[in-house]
Amino acid sequence: MTAVREGAVLPSVVAVCRTRAGVELKEFFRQREAVVFTLMFPVILLLVFGAVLNYDIGHGVTFTQYFMAGIIAAGILGAGLQNMAIGIATERSDGTLKGLAGTPMPKAAFFVGKVVQVLVVTVLIEAILLFVGAVFYGVTLPSGSRWLTFAWVTVLGSAACTLLGIAISSLAKNGRSASATVTPIALVLEFISGVFFRFSQVPTWMQTIAALFPLKWMAQGLRSAFLPDALAAQEPAGSWELGRVALVLALWCVIGLLLCIRTFRWQDR
Amino acid sequence: MTRTFPASAVSDGAGAGPLDPDAAISIRGLGKRYGEFVAVDGLDLDIPRGEIFALLGPNGAGKTTTVEICEGYRERDAGEVRVLGEDPAGGDRRWKSQLGIVLQSGAGDSQLTVREMLQARASYYADPRDPDEVLELVGLTEKARARGRSLSGGQRRRLDVALGIVGRPTLLFLDEPTTGFDPEARRQFWSLIRSLRDLGTTMLLTTHYLDEAEALADRVGVITRGRLVEVAVPASLGGRETAPAVVSWTEDGARRTEATPTPTAFVRDLAARFPGEVPDLAVARPTLEDVYLSMIGESA
C-alpha cells in the first residue's frame, strides 16, 4: 500500500512559503506583459514626462521632482492593485487556485508568496525610478528622516493596494475582464490624484473624489519625502498631513482585508 | 430494445447500512442542490481501498458534484461522507496530503517549466514522489524543461495527472481524465492508470467513455439525475452477462434477428435447418454501451 509513510511529516509552513515565493517571482518575471506593463511602464512615463515637462514649479523645484512622488505612487498601485487583481482573477478562472486548494499547501503560504512578489516588484520599480530620476533628470533624492517617510508610505500604500487588488480579483470573471475594469480606473485615479498633473491644478470636486481613494494619499505622502517643505503650502490643507495619510491608508488596509476575508474564492462559481 | 433492470439496493438510502470507516470512500444519503436543481439525490456508495471505481453518467447527472464533495471542494446539503476515514468538509493538511486530484478543468496556466511545477507541487506533501520519476511514469521526461503552455492537449493532461500523483496519493480522483485524447493517447493513459493500480492506489474515475470504464474499472457505477442506478463489475452491468443474446442470420434473402436467452440451443436448431453454414451468422450480447444507454434512457 502507498499510505503515507510512518513518521512522514508535512513540510513546515515556512518551507512552503519559500516555495510559493519562488513560484510567484518566476511567474511574474517570466511573463513579458507583466514585466513591461507593471515594471517598465512607470519608467517609460518618467523618461517621457521628465524630457517634456521638466519646467520649474516654483522654489527652484522642477516638475520632474514633483512627478517622482506621483510616478512612484503609481508604480506601487500597479505592482499591488493592478498586478494582484489581474493576476489572481486569471489564476482563478484558469483553475490554478482550485488546483492549489486541493493540495496540502497551507492557504497562508499562497498569500505570503503574493506579498513577496509585490514587495520585490515594488522595491525594484522604486529603485529603477530613483536611479533614472537621479541620473537623467537631476532629481534630488530624499535625505535623512525623509527616507523613513518614503519607507512607511511605501509599505502602508503597498499593503492597502495589495489587499484591495486581491479583493477586486474576486469581482472579475477572468483576467481579461479584471484588466479591462481595473486599468481604466487606475488611469483615471492617476489623473485626478496628482500623478500626471500637480494636484493643486486638479478641480476641487475631482480632488474630493480622489481623496476617497488611497492613491492621492500615497502621492501626497511621497511628495513630503521629495519636495521642500515650502511646497507644502500648495497642498489642499496647506500641509503634508502625514497623520491623515497614515490614517487613510491604514483604513484602506482594514477595508481591503475585510473584503478579502469576505469575498476570496479559490474557484469560479 | 426495452428491458427492465433489477431495482438496485445501492440507490436505496434505507438498508445501505452504516458508513464503512475502512473504505477509501463511504457515502450515505448524499444530497446536493443548486437552487431548484437537485444535483445529487440520496446517493450511497462504498469504494474499498485498492479499487478502481468508474462513475459513468451523462452530463449534469451529478458525477462532478459527487466527486468534488469527496475532494472537499463543495459542501453537501444532506448525508454523510467519509474519505479515507475523515469527513471531507473538515479535511486538514494531513488528510489532503493523502489525496491526488485531477480536475476536469486541468491545472491551469503557468510560466513554470514542467519540472518546476512538479517540484513545487511535491514540496507541499509529506511523502512526495521524486518529480523526475513521475515525469518518467507519465512519459513527459523529454518535456521536463518545457513551459506548460507549449504542451499539446494530451501532454497537458498527462501533466495534470503527474501533478495529481506527485504527492504519492493513497486515493486518486480522476475527473474525465482523457477527454480530448486521441485513441493512441488514451491507450497510453490506460497503461499509466494500470501501473498506478499495481502500486496500490485507489482511484475514483469519472468518464464519458464506456470502453475506458470497461478497460480500467474494477466496478462501475451508473449515475443519472443524482442517483446511482446500478453498481456492478463492468461485465455484469445491467445483467449484461445473462441478458438475451441477439442471433442474426440471412434467410431467403432477408436479414433475420432473434433475441433469445438460450443462444446455443437456438443456433443448434438453426444449423439443422441449413445444409451448410448458416449465412451471415452472428451472435451478440448487449454491449456495455447498449446497457448504459438503456439505463440512462430509462431514468431520463
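Quantities reported herein were computed from a predicted structural model and do not represent experimental measurements.

Another point: the overall build of chain A. From N to C terminus, chain A includes ten helices and zero strands. At 20 Å, chain A has a C-alpha radius of gyration in line with the 18 Å of a compact globule built from 269 residues. For chain A, the spread of C-alpha atoms along the three principal axes comes to 80 × 35 × 35 Å. Here the analysis covers contacts within chain A between residues at least 6 apart in sequence; of these, 83% occur between residues at least 24 apart.

As a further point, take the overall build of chain B. Broken down by element type, chain B carries nine helices and twelve strands. Structurally, chain B occupies a C-alpha span of about 75 × 50 × 35 Å along its principal axes. Each of the 300 residues in chain B was classed as buried or not, and the buried ones make up 43%. In chain B, once contacts between residues fewer than 6 apart in sequence are set aside, the share between residues at least 24 apart is 68%.

Residues and elements named next belong to chain B. Neither face of strand 5 (residues 99–102) is exposed, since Leu 99 and Ile 101 on one face and Gly 100 and Val 102 on the opposite face are all buried. Sheet analysis places strand 5 next to strand 6 (residues 171–175), joined by four bridges and oriented parallel. Looking at the pairing, Gly 100 lines up with Leu 172 of strand 6.

Residue and element names in this part refer to chain B. In the contact formed by helix 3 (residues 114–122) and helix 4 (residues 131–138), the axes pass within 9 Å of each other and the chain directions differ by 125 degrees. Relative to helix 4, the element helix 3 lies oblique. Crossing angle aside, the handedness with which helix 3 passes helix 4 is right-handed. Along the contact surface, helix 3 presents Val 114, Arg 115, Leu 118, Gln 119 and Ala 122, while helix 4 presents Pro 131, Val 134 and Leu 135. Among the residues making up the contact of helix 3 with helix 4, the classes are represented as six nonpolar, one polar and one charged.

All names here are of chain B. In spatial order, the strands read 5-6-7-3-8-9; together these six strands make up an open sheet with mixed pairing. Whereas interior strands pair on both sides, the edge strands pair on one side only; in this sheet they are strand 5 and strand 9 (227–232). Neighbour-to-neighbour, the strand axes of this sheet turn through a mean angle of 15 degrees, independent of strand direction. Sheet analysis places strand 8 (residues 219–224) next to strand 9, joined by five bridges and oriented antiparallel. In the sheet register, Val 220 faces strand 9, and the bridge partner there is Ala 232. Packing of helix 5 (residues 153–165) onto the sheet brings it into contact with strand 5 and strand 6, and relative to strand 5 it is tilted by some 165 degrees.

One can expect most non-glycine residues to show negative phi and most peptide bonds to be in trans. Of note in the backbone geometry, A:Glu241 takes a positive phi value of approximately 50 degrees without being a glycine. Along the chain, A:Glu241 turns up in the loop between helix 9 (214–226) and helix 10 (242–263). For A:Glu241, a count of 18 C-beta atoms within 10 Å translates into the label partly exposed. The phi angle at B:Arg168 is positive, at roughly 55 degrees, despite the residue not being glycine. Assignment of secondary structure puts B:Arg168 in the loop between helix 5 and strand 6. Under the C-beta neighbour-count criterion, B:Arg168 is labelled buried, with 23 such atoms within 10 Å.

As a further point, take the domain arrangement of chain B. One can read the domain layout of chain B as domain 1 (9–98 + 170–239) and domain 2 (244–284). The C-alpha-based centres of domain 1 of chain B and domain 2 of chain B are spaced at 41 Å.

Analysis parameters
Residues numbered from 1 in each chain as written. Chains lettered and ligands numbered in written order. Predicted model: local features only at pLDDT ≥ 70, side-chain atom pairs only at ≥ 80, totals over all residues. Helix = DSSP H or I, 4+ residues; strand = E, 2+ residues; numbered from the N terminus. Rg over C-alpha atoms; globule rule 2.2 N^0.38 Å. Contact = placed C-beta atoms within 7 Å. Buried ≥ 20, exposed ≤ 12 C-beta atoms within 10 Å, placed from the backbone. Pairing = 2+ DSSP bridges. Axes fitted to C-alpha atoms, helices over the stretch in contact; angles between N-to-C directions. Parallel < 35°, antiparallel > 145°, perpendicular 65-115°, else oblique. Left-handed = near helix turned anticlockwise from the far one by under 90°. Nonpolar A, V, L, I, M, F, W, Y, C, P; charged D, E, K, R; others polar. Domains from an automatic or database assignment.

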